[in-house]
Amino acid sequence: MHRRMAGPVSSNLDNLRVVLVEARNPLNIGAAARAMSNSGVRQLRVVNPYEVAFRQARSAVGAPKLLADAEEYKTLAEALADCTLVVGTTAVGHRDLQHPLRKLGAGARLIRKQLATGSVALLFGSERFGLSNQDLSHCHWLMTIPTRTEHSSMNLGQAVALCLYEIVRLGSPRQTKDKESKRPARAGEIERLTVMLLGILQTSGYIKPREADATETKVRRLIRRMLLESHDAQLWLGMLRQVTWKLGAADRGSTRRSE
């Protein structure tokens with residue numbers, strides 16, 4: 001049975017990006033596109049999808065244009081660059097999560113609020129493994145759909161549909177006019193800051209080779225917990241550029257003396 005979702009769809013939904021990370025089944029991508037079309041969400045992004053052509057998936061009933069217009073990225077960082085809030089989805093299972101975890105209802109309310117002032121990315125992982133720890137390091141917090149413990153995994157298309165329904169069902173808050181100085185930092189700004197800080201920590205010897213991956217993950221989580229505004233991120237970037245330049249100048253001076 002095919003029913004249209006009742007009620008007006010807020011233009012704030014144009015600020016929502018559904019990001020599918022390494023989806024394996026083209027039919028699942030098509031089903032996600034169909035759920036997005038039902039909900040009035042139009043921004044679909046895919047990161048390293050399975051090579052089999054997914055843009056013609058028959059499961060995208062009523063949403064062929066949305067699927068055709070999906071933006072494809074090689075890295076997750078590129079797909080998130082313009083977003084001010086990044087939310088990952090997880091079934092939890094036996095994972096030892098290091099992020100704040102919110103159930104679907106509470107998470108949806110926070111997402112709706114954020115949509116009034118900036119772009120939000122909602123991440124879904126591959127059907128087999130979900131989001132990796134590296135993927136999660138890009139997230140501000142995580143959201144989970146309540147399920148019974150014995151069967152916590154859910155079809156990708158169904159998970160997208162449930163999350164979007166919860167986000168749109170009560171409408172959106174009124175648009176507020178915030179000053180540019182109060183705009184949350186976009187993921188692209190946060191990623192530049194993160195990469196620069198990791199480079200400094202590497203040069204200074206703080207990052208030990210055997211602990212490099214774990215340290216990078218901790219640093220990524222730390223920066224995202226700060227919830228920086230854009231002007232604060234720019235300030236941090238300026239300071240880190242100066243530190244990077246000083247470290248480079250000191251290194252060049254040491255090289256000349258040794259010669």
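Our subject is the structure listed above.
This text gives an overview of the structure that appears in the document.

About the cut-offs
- Residues numbered from 1 in each chain as written.
- Predicted model: local features only at pLDDT ≥ 70, side-chain atom pairs only at ≥ 80, totals over all residues.
- Heavy atoms only, no water.
- Patch = residues over 30% accessible without salt bridge, like charges linked within 9 Å, V, L, I, M, F, W, Y side chains within 5 Å.
- Areas by Shrake-Rupley, 256 points an atom, 1.4 Å probe, with all protein chains shown as cover.
- Salt bridge = Lys/Arg side-chain N within 4 Å of Asp/Glu carboxyl O.
- Helix = DSSP H or I, 4+ residues; strand = E, 2+ residues; numbered from the N terminus.
- Buried < 20%, exposed > 50% of the residue type's maximum accessible area, 1.4 Å probe, protein only.
- Pairing = 2+ DSSP bridges.
- Axes fitted to C-alpha atoms, helices over the stretch in contact; angles between N-to-C directions.
- Contact = heavy atoms within 4.5 Å.
- Parallel < 35°, antiparallel > 145°, perpendicular 65-115°, else oblique.
- Left-handed = near helix turned anticlockwise from the far one by under 90°.
- Nonpolar A, V, L, I, M, F, W, Y, C, P; charged D, E, K, R; others polar.

On the surface, a nonpolar cluster with roughly 470 Å² of combined accessible area is contributed by L222, M226, L235, W236 and M239. Per-element tally for the nonpolar patch: the top contributor is helix 9 (residues 230-258), with three residues. Structurally, M239 is set in helix 9. What makes M239 partly exposed here is its relative accessible area of 41%.

The next point concerns the pattern of salt bridges. Taken as a whole and assessed by the stated rule, the structure comprises ten salt bridges. A salt bridge links R169 to E166; the shortest N-O distance between them is 2.9 Å. E166 gets classed as buried once you look at its relative accessible area, which sits at 15%. Among the salt bridges present, the one from R224 reaches E191, with a minimum N-O distance of 3.3 Å. Of this pair, R224 sits in helix 8 (residues 212-225) while E191 sits in helix 7 (residues 187-204); the two residues are 33 residues apart in sequence, bridging distant segments of the chain. The network of salt bridges with common partners includes R17, R45, E71 and D82.

The strand order 3-2-1-6-4-7-5 describes an open sheet built from seven strands, whose pairing is parallel. Of all strands in the sheet, those with a lone pairing partner are strand 3 (71-73) and strand 5 (101-103), marking the two edges. Shown here is a sheet whose adjacent strand axes are inclined to one another by a mean of 30 degrees, direction ignored. Taken together, the five bridges between strand 1 (residues 16-21) and strand 6 (residues 120-124) define a ladder with parallel strand orientation. The residue of strand 6 that forms the bridge with V19 is L123. With respect to the sheet, helix 1 (residues 26-39) is in contact with strand 1 and strand 2 (43-47), its orientation differing from that of strand 2 by roughly 160 degrees. Contacts between helix 6 (residues 156-168) and the sheet are confined to strand 1, strand 4 (85-89), strand 6 and strand 7 (141-144), with strand 6 contributing the most and set at about 150 degrees to the helix.

On to the pairing of strand 7, then. The side-chain alternation of strand 7 yields two buried faces, one formed by W141 and M143 and the other by L142 and T144. Examined bridge by bridge, strand 4 and strand 7 share three bridges and lie parallel to one another. Of the residues in strand 7, the one forming a bridge with V87 is W141. Where strand 5 and strand 7 come together, three bridges link them in parallel fashion. Looking at strand 7, one finds that L101 is bridged to L142.

Where helix 1 meets helix 6, the axes come as close as 8 Å, and the angle between the chain directions of the two elements is 15 degrees. Here helix 1 is positioned roughly parallel relative to helix 6, judged by the angle of their axes. Read as a crossing pair, helix 1 and helix 6 show a hand that is right-handed. Contacts from N28, A31, A32, A35, M36 and S39 in helix 1 reach L156, G157, V160, A161, L164, Y165 and V168 in helix 6. Looking at side-chain class alone, the contact of helix 1 with helix 6 contains ten nonpolar, three polar and no charged residues.

For the rest of this paragraph, the subject is the environment of I29. Along the chain, I29 turns up in helix 1. When its relative accessible area of 1% is taken as the criterion, I29 is described as buried. Taking the C-alpha atoms as reference points, I29 and R55, separated by 26 residues in sequence, lie 8.5 Å from one another. Excluding residues that lie within four positions of it along the chain, I29 makes contacts with L20, A23, V46, P49, F54 and L67.

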